[in-house]
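A closer look at the structure
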Amino acid sequence: MACEVCSNVGGWETGDQRLSRFVSPADLKEAATRCAECALIWAALEPLKIEWHERDLAATAELQIATGKALQVRWPRGSIALELFTRDDDIGPRHPCIGPVSEVSARSDSDASFELAAAWLRDCMTNHDRCRAKTPAALPTRVIDVGVEGGREPSLVVTSERREEHAGDAYAALTYCWGNPSRHHVLKTTRDNFDAHRDAIPLHDLPGTLRDTVVICRRLGLQYLWIDALCIIQGDVQDWAREAGRMCDVYSNATLTIAADHADGTSAGIFRPQQYGETPPRLVSRDGARPVYVRPLQRHNDVTMLTRSPDPDEDALAPINQRAWTLQEAMLSNRMLHYTADEMVWRCNAVRACECRRGAPRAIGDLPETVFRNVGLFGRATPTEAYTEWRNLVVGFSERLLSVDADKLSALSGMAQQFSRMRAAAGLEIADDRYLAGLWADDLPQALMWSVNYDSFLARERGRFFRMPEWRAPSWSWAAVEAPIKSNSMSSFRNAITLIEATVELADKEDPFGRVREAKITLAGRMVHGLGVKITAPRFVHDDLFNVADYEIMDPAGQLWSVVFDNPSAVRSDTREYSCFLVGTAFVRGSISTNYAFLVLEMVSAGSGGRVFKRVGVSSYMNNYSPVGTDMFENCPEESITII
């Protein structure tokens, strides 16, 4: 007999398209005594709340129905999304609209998981032109030979000694977190154990994450593996700088990058029970019917998955998405196999797939982040668009954590090298291609406008708060602060400065995009001197750790201009020794007001060589306080200054 509530979950005519039917839990509960389908749906919903109030029972739930597929149940009031399904290996008649699903293996080291990962890799290497290397790539300086299970142990290989033998060999790279050294042992290659590692690195000596990676390589048929802790000689400054400068090649040339997403350190291991593989509850079905199971509808955020950027509601707090080094490792990799807490996920330049196989693999189009791996796409971008993507990358990078403050520029040097290569390969017209401590000379006016982002959601969630590290970059570089930043990109921007000279002294010439010892820029532009600061009460407090006041610069006419200081603890309201240096202007469509972009500076020294300043803040806000047409730089002569 047809049920007036669920119509017995009819949907035979829908084919592949899902039909929606709206019901209330109250109606499902009442009809459960006479309708088997309502009884199943209510049995799935009822345990999810300790107590069902009248307003809960009256709230609408949505049934999404399709022939041969799982029955999806969504109840927005409780943020609940479920699917009811059956299994092929059970017996009994199956409801036409409660079909099977692809289930995730209970553990990530199951034979089924390895077979699926191997199939993904095989399909990509065979069929995806955009993921395939144009020419065979040489192995990195050193790799781990993963050995043979039950036979030869892993060992460190110096590839230059057998270059011809290893030409074009496939290898995997690992992206992972070292973790807190008090809880996670990191096995390293040093000068002291270098020869011993060349003989053998016993599998049982490897910490869990590294040991599991060796097993993955063996199961996938990849003989060689690159792991930073073992393939870079730790404690050797010159070797570290040289190999850090080759990160771009290591990850972009890897056949596969294995990502230990959920592991918070080296001892955590990769293999574990998978949340999406938990045994689903079995519902009571009518006599003789095939058993019906229920599980949460597995969440996916395709946009953030495809762009390899974290989702605040999903995986932003996964250990691997908090580490600064891993951003470039992901962005440079053409193929990635992710071991998440939920399931395995595959991403390459062509598709995204997951172990739960929710439909066909999702094709990846020309997404902004792929500009860094696709010369054709990079070539279609204007220089302005390309530099905007770089600044967006830096913003995401700034929200991540470093174990060693001095690594700030080194942890992004691979991406800087890749950006430089892509720019050259695409033939973009660039007037000045120099890399200046995290900024590009040809983009300098807009790049200088970064500011500390005191309201960053991700930074707060990660316990990431502002602080000033020991010197590692000039004051005009975002790398000078340890804080999340904003890029403050402006459309219709009109440059107001001239770059006269830029000098960057590298800490090590082996890494031209890495650490710097000293850097300065000499600019010509208009300035205002002798300005004071007005400070208002803190506007944001977070766990007593984060107090941010509002700051305004007062110009000679008494007008106020909102600014953001790089180091709030150093702001002084008892002086009129601040200077403002105009970088550019922007005109907002539909408004007759002008947006003035300027740096706030403090003078460091003055001598025969000219005046030297340091940056202490920035402003790119619309002037909301002064009359339309006010320009504090209007009658100022052009000056040449050096900023360090």
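Refer to the structure printed above.
Residues numbered from 1 in each chain as written. Predicted model: local features only at pLDDT ≥ 70, side-chain atom pairs only at ≥ 80, totals over all residues. Heavy atoms only, no water.

Considering the pairing of strand β7 (residues 171-175)
Side-chain positions along a regular strand alternate between the two faces of the sheet. The criterion, for reference: Any residue under 20% of the maximum accessible area for its type is buried, any over 50% is exposed, and the rest in between are partly exposed; the area is computed with a 1.4 Å probe on protein chains only. Helix and strand definitions here come from DSSP, where helices need a minimum of 4 consecutive H or I residues and strands a minimum of 2 consecutive E residues; each element is numbered from the N-terminal end. For two strands to pair, DSSP has to find at least two bridges joining them.
When you tally the buried positions in β7, you get 5 out of 5 residues, the bulk of the element. Alternating positions in β7 separate into two faces, Tyr171, Ala173 and Thr175 on one and Ala172 and Leu174 on the other, with burial throughout. Pairing analysis gives 3 bridges linking β7 to strand β8 (residues 224-226), with the strands arranged parallel. Bridge pairing links Tyr171 to Tyr224 in β8.

Re helix α7 (residues 208-220)
Quick note on the threshold: Multiplying 1.5 Å by the residue count of a helix minus one yields the expected span of that helix. Here a residue-residue contact requires only that any non-hydrogen atoms of the pair lie within 4.5 Å.
Helix length check: α7, at 13 residues, gives a terminal C-alpha distance of 18 Å against a target of 18 Å (1.5 Å per residue), a fit within 8%. Those residues of α7 that are buried lie in contact with α4 (111-127), β7, β8, α8 (228-231), β9 (256-259) and β12 (335-339). Just beyond α7, the residue with positive phi is Gly221, at close to 80°.

So, helix α2 (residues 36-45)
The element α2 is largely enclosed, with a buried count of 7 among its 10 residues. Among the residues of α2, those classed as buried are Glu37, Cys38, Leu40, Ile41, Trp42, Ala44 and Leu45.

Some points on the environment of Lys69
Within the fold, Lys69 resides in the loop between β2 (61-65) and β3 (71-75). Residue class for Lys69 comes out partly exposed when judged on its relative accessible area of 31%. Separated by 27 residues in sequence, Lys69 and Pro96 have C-alpha atoms that sit 8.0 Å apart.

What to know about the sheet that holds strand β4 (residues 80-85)
Here is the rule: Note on geometry: axes are C-alpha line fits, over the in-contact stretch for helices, and angles between N-to-C directions span 0 to 180 degrees.
Read across the sheet, 6 strands follow the order β1-β2-β3-β4-β11-β10 without closing on themselves; strand pairing throughout is antiparallel. Sheet topology places β1 (19-23) and β10 (282-283) at the edges, where each strand pairs with a single neighbour. On the sheet, α2 packs against β2, β3, β4, β10 and β11 (292-296) and is oriented at approximately 135° with respect to β4.

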